[in-house]
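Close look at the chain arrangement
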Amino acid sequence: MSAPTLTPAFTVPATAMQEALWWVHQRAKNQSVYNLTWRLACAAGLDADALASAWQAVVDRHEALRTAVIQQDGQIRLTVLPRATARLQWVEVDDPGTVPVGTLLRLLAEEVHEQSLPLEVAPLARLTMVRVGTEHELVLTVHHVVLDGWAIQLLFTDLSAAYEAAVDDDQPSFGTEPVPFSVYARESIAARDSGDWQASLDYWREALAGAVSTTVVADRNSYVGTGAAGVTLRYAFSPDAADGVAALMRATFATPFAVVLAALEIVLARGGAGPDVALGVVVANRMSQRDQELVGYLANLCIARAHIGAEDTVLDVVGRSRDAMWAMLSHQGVPYPVVFGALPESTQAMLNDYAPLLLNYLGPIGAGLRLGDVDMSLHRTPNRAARSDIAIAFWDAADGYLAEIEYNTGRYDQETVLRLLHDLDAVLALGATGPRLPVASVEVRSRSAAGHVDHRPARPTSAGAAAMPESATWERVSRVWADVLAAPPSGPDEDFFTVGGRSLKVIQLAAAIEAETGSSIDLITWLAEPTPRRLVAQLAAAGANPAGDDPAGSVASTLVRLRDGDGPHLHLVHGAGGSPQDYRDLLAALPAHWRVTLSQEREPLRTVPAMAVRYRADLDAAGLRPDVLAGWSMGAQICYELATGYPAPAPALALLDGAPPVGYERDGDTERLRLQAFAASMGGSLGVETDGTAPRTGGENPELAMRALAAYLGGLGQPVPVRTLVERWDTYRRHTDAVAAFVKAEPVRARTLLVGAELWDVQLDQWAERIEPAPRRLRIPTDHFGVLHGPAAAAVSAAIQELCD
């Protein structure tokens, strides 16, 4: 059977919701904020080969999973590929040691959730198998720019069918041909261009005239915006609340969504927001059978507005919520960014382009999940960032309703969020016990407000612009800034988005900058720090020559002075990926009057000889000739190379469990061992007892290995930022490559201490062949990383002192 003919890659304009989300993603503090992750507990292990085959089949089937989102000529476009390789990732921890299994599984899911999903690279989805001991989980992550929650449910159904077929060594049969998402995208653009949305835009202008966003009063003044630090908690509504929802549904013929929305509006009104309440609701926007079967991003944001009078009863509010919901659903097809752009500036200022408080109803999502014969259950979403102040998603459970609440931890304490939920629970319960109770008699403990107060200091008047530096470029940037935002910047580091900037104004700013200066700016880079200073820097760089190598002397000295003294001078050299912190126990064990210095890399150096040349130059520049050169791990090779450059006799050498310079081959197994060694090294440098096994990973993604290690260290009580681990790993890998490539047999005449912990006897012999006179050998009963810690460090210190006598 011949292979099917693949359609060539093509591009289509992104929908308005996708375009808006692309801009928000670029400026989000944490860009994982729009990663949607299902963390699934597995009742048994899964067949990795079958799962990989099934995952590829699903990516092949759905166009949205083969779509990249790019910026092209100022527009956001979808690039649809004929095929995208879907790799199955895995993380395994054989023995978590003292780390609780549940804790490590949660931390691993959080790290996998935060793993990068570059929008310009398809597929914008990944599947990760996780095993800790005998516990198995599956983590499915997609980016919201190509899929919504409804689509994930459809995707998982197809994955289950494909997996079952793959287990039976069969081809999957999905029954129907999927509708390409590009068809929907083109229809959306055509509806906008043809004026089909005009009636709905008129409806929204009238419905939202004078509306003000409602939110919960914050506990702290902190960052307001998408991507702030956040967390998700789960909440089970009480049986009384479930009974109340059922009673109100029977009495008003309303949906659960309308009932819960009405109850939340009552809580907000009674909490201080007043009679006019406006909050965001997420709607599926799937108005036909075709759309309900479409895998893609169709969901929309709408603003639900309610007027709650003093004489209204709970039933009254629910009835109006029902009617408003039906009206809203009739106009849900117009993307919120288009609606927002059509509102008067005065209304835009009071609503903003995102809703600080969100409500979403997910129906029976996540029920009865299986892959083949393996039952799966949905855990709490592993978010660490918040899209809004507070976002509530609720769904049907076997015995009522469950909710997940994502909130900004910089603004809210958990107790504040729980008060809101308890109030909501109590108002829902009134549906069964007091549906005709006047809303004015309802007491709530949570506090809300009309208007999204962000606690920014008032912007200074134009006189405040004097704080800006003086130059023609600064003046141009200030002028454009004022044209777009109606006021000049108060200073060079003013944030565009905290003073009224919105996605709709970014293109306006970029166009105005180009018109004013003749130079274009890199919007993606600028959005990471959207300030006048960054604009000026980009404009200055646009006219500069490409940067060359650093001029001589521009990099700081590699010499670190750890301790001054009038005794012998011991000079230490870092190990692979190491730092001065590695020598803390040895330093403490040395006599207090010894002078101790250290060489620490300041810029990437690719070879052992290059490091030795640089370190020697900085020692000479300081007028220092050490009495003893000591190096652990890679530092032993560097010390040996340093010693060969001194006239005989060279400074004494202390070579601490470092491999001799005989050259070493690299292969896949070596890389695995190198990752394990790096994990042990990080644990040792942090003083953490790694009594279990470090995580192993697969899937051709180095970032995953560092994220798994971050989760493991976090479980041991030593959280390390992933960025730090990536930087340390890159250095460690470069250093170990340098060690493997370094071959030298030149003899050195120097008194030498040769310490072995994990070195083989043959390696000690190889060192001895390069040293005259014969070195003193010291075997220490510890591992490679234990040489510098505890009793071993004291023994090494004593031996170095003897070497110096």
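Here goes a summary of the coordinates provided. (Residues numbered from 1 in each chain as written. Predicted model: local features only at pLDDT ≥ 70, side-chain atom pairs only at ≥ 80, totals over all residues. Heavy atoms only, no water.)

Describing helix H10 (residues 314-330)
To keep it simple, the criterion reads: Each helix corresponds to a stretch of at least 4 residues labelled H or I by DSSP, and each strand to a stretch of at least 2 residues labelled E; elements are numbered beginning at the N terminus. What a helix should span is 1.5 Å times the count of its residues minus one. Note on classification: 1.4 Å probe, protein chains only; a residue is buried when its accessible area is under 20% of the maximum for its type, exposed when over 50%, partly exposed between these limits. The contact criterion used is simple: two residues touch if any of their non-hydrogen atoms lie within 4.5 Å.
With 17 residues, H10 should reach 24 Å at 1.5 Å per residue; the first-to-last C-alpha distance of 25 Å fits that figure. Of all the residues in H10, the buried ones are Val314, Leu315, Val317, Val318, Gly319, Ser321, Met325 and Met328. Buried residues belonging to H10 abut helix H6 (198-207), helix H7 (239-252), helix H8 (256-273), strand E10 (276-283), strand E11 (300-307) and helix H13 (414-433).

Topic: the side chain of arginine 734
Residue placement: arginine 734 occurs in helix H23 (residues 722-741). On the basis of relative accessibility, which here comes to 11%, the residue arginine 734 falls in the buried class. When sequence neighbours within four positions are dropped, the list of residues in contact with arginine 734 reads Glu601, Pro604, Leu605 and Arg606.

Quick notes on the nonpolar core
Looking at soluble globular proteins, one finds that nonpolar side chains tend to be buried together. As a reminder, the rule being used: Take the buried residues of types Ala, Val, Leu, Ile, Met, Phe, Trp, Tyr and Cys, join any two whose side-chain atoms come within 4.5 Å, and each joined set is a nonpolar core.
In terms of nonpolar packing, the biggest core is built from 160 residues, with Leu46, Leu51, Leu138, Leu359, Ile390 and Ile405 touching the most fellow members. Of the residues forming this core, the biggest block, 12 residues, is contributed by H8. Apart from residues lying up to four places away in sequence, leucine 51 is in contact with Leu46, Leu88, Leu127, Met129, Leu138, Leu159, Tyr163 and Leu371. Counting 64 residues, the second-largest nonpolar core is a separate cluster that includes Phe678, Met682, Ala705 and Phe742.

A short note on the sheet that holds strand E13 (residues 370-371)
Put simply, the rule is: Should DSSP find at least two bridges between two strands, the strands are regarded as paired. Helix axes are fitted to C-alpha atoms over the stretch in contact, other axes to C-alpha atoms as well, and angles between N-to-C directions run from 0 to 180 degrees.
Pairing in this open sheet of seven strands is mixed, and the strands run E13-E14-E2-E7-E6-E5-E24 from one edge to the other. Of all the strands in the sheet, just E13 and strand E24 (696-698) have a single pairing partner and so form its edges. The pairing of strand E5 (residues 88-93) with strand E6 (residues 125-132) spans six bridges and is classified as parallel. Across the sheet, valine 91 pairs through a bridge with valine 130, a residue of E6. Strands in contact with helix H2 (residues 48-61) are E5, E6, strand E7 (135-143) and E13; relative to E6, the strand with the most contacts, it is inclined by about 165°.

Some words on the pairing of strand E16 (residues 390-397)
Buried residues dominate E16, accounting for six of its eight residues. Where strand E12 (residues 357-361) and E16 come together, five bridges link them in parallel fashion. Residue pairing in the sheet places leucine 357 in a bridge with isoleucine 390 of E16. Here E16 folds back onto strand E17 (residues 400-408), and the loop between the two strands holds two residues.

Section: the pairing of strand E2 (residues 35-42)
Within E2, eight of the eight residues are buried, which leaves it mostly tucked inside the rest of the structure. Pairing between E2 and E7: eight bridges, direction antiparallel. By the bridge assignment for E7, tryptophan 38 is matched with leucine 140. With three bridges joining them, E2 and strand E14 (residues 374-378) adopt antiparallel strand pairing. Counted as the bridge partner of cysteine 42 is methionine 376 from E14.

Points about the pattern of salt bridges
So the rule is basically this: By definition, a salt bridge exists where a carboxyl oxygen of Asp or Glu is found within 4 Å of a side-chain nitrogen of Lys or Arg.
Enumeration over the complete set of coordinates arrives at 38 salt bridges. Salt-bridge contacts for arginine 131 lead to glutamate 92; the nearest nitrogen and oxygen are separated by 3.5 Å. Here the residue arginine 131 occupies a position in strand E6, and glutamate 92 occupies one in strand E5, the gap between them amounting to 39 residues. By relative accessible area, which is 22% here, glutamate 92 ends up partly exposed. Close ionic contact of arginine 696 with aspartate 94 constitutes a salt bridge, the shortest N to O distance being 2.5 Å. Residue arginine 696 is located in strand E24, and its partner aspartate 94 is located in the loop between E5 and helix H3 (101-114); the two are separated by 602 residues in the primary sequence. Taking the relative accessible area as the measure of exposure, arginine 696 reaches 22% and is therefore partly exposed. The network of salt bridges with shared partners includes Arg106, Glu110, Glu111, Glu114, Arg384, Glu703 and Arg707.

Considering the environment of alanine 679
Inspection of the secondary structure assignment puts alanine 679 in helix H21 (residues 668-686). Assessed through its relative accessible area of 7%, alanine 679 is described here as buried. Taking the C-alpha atoms as reference, alanine 679 lies 9.4 Å from threonine 693; in sequence the two are 14 residues apart. In this structure alanine 679 touches Ala694 and Leu709, once residues within four positions along its chain are discounted.

Here we look at the sheet that holds strand E26 (residues 752-756)
Pairing within the open sheet is mixed, and its seven strands lie in the order E19-E21-E20-E22-E23-E26-E28. At either end of the open sheet lies a strand with only one pairing partner, and these are strand E19 (559-563) and strand E28 (776-779). For this sheet the average axis-to-axis angle between neighbouring strands, irrespective of direction, equals 20°. As judged from the four bridges shared by strand E20 (residues 569-573) and strand E22 (residues 628-632), these two strands associate in the parallel manner. Pairing of leucine 570 across the sheet is with valine 628, part of E22. Sheet contacts for helix H20 (residues 634-644): E20, E22 and strand E23 (652-656); angle to E22, the most-contacted strand, approximately 150°. Strands E23, E26 and E28 of the sheet are contacted by helix H24 (residues 761-768), whose axis makes an angle of about 155° with E28.

Some remarks on the state of the cysteines
Test applied: The definition used for a disulfide is geometric: two cysteine sulfur atoms within 2.5 Å.
Evaluated as defined, the whole model comprises zero disulfides. In this structure cysteine 639 is not part of a disulfide, and its nearest cysteine sulfur, from cysteine 804, lies 14 Å away. By relative accessible area, which is 0% here, cysteine 639 ends up buried.

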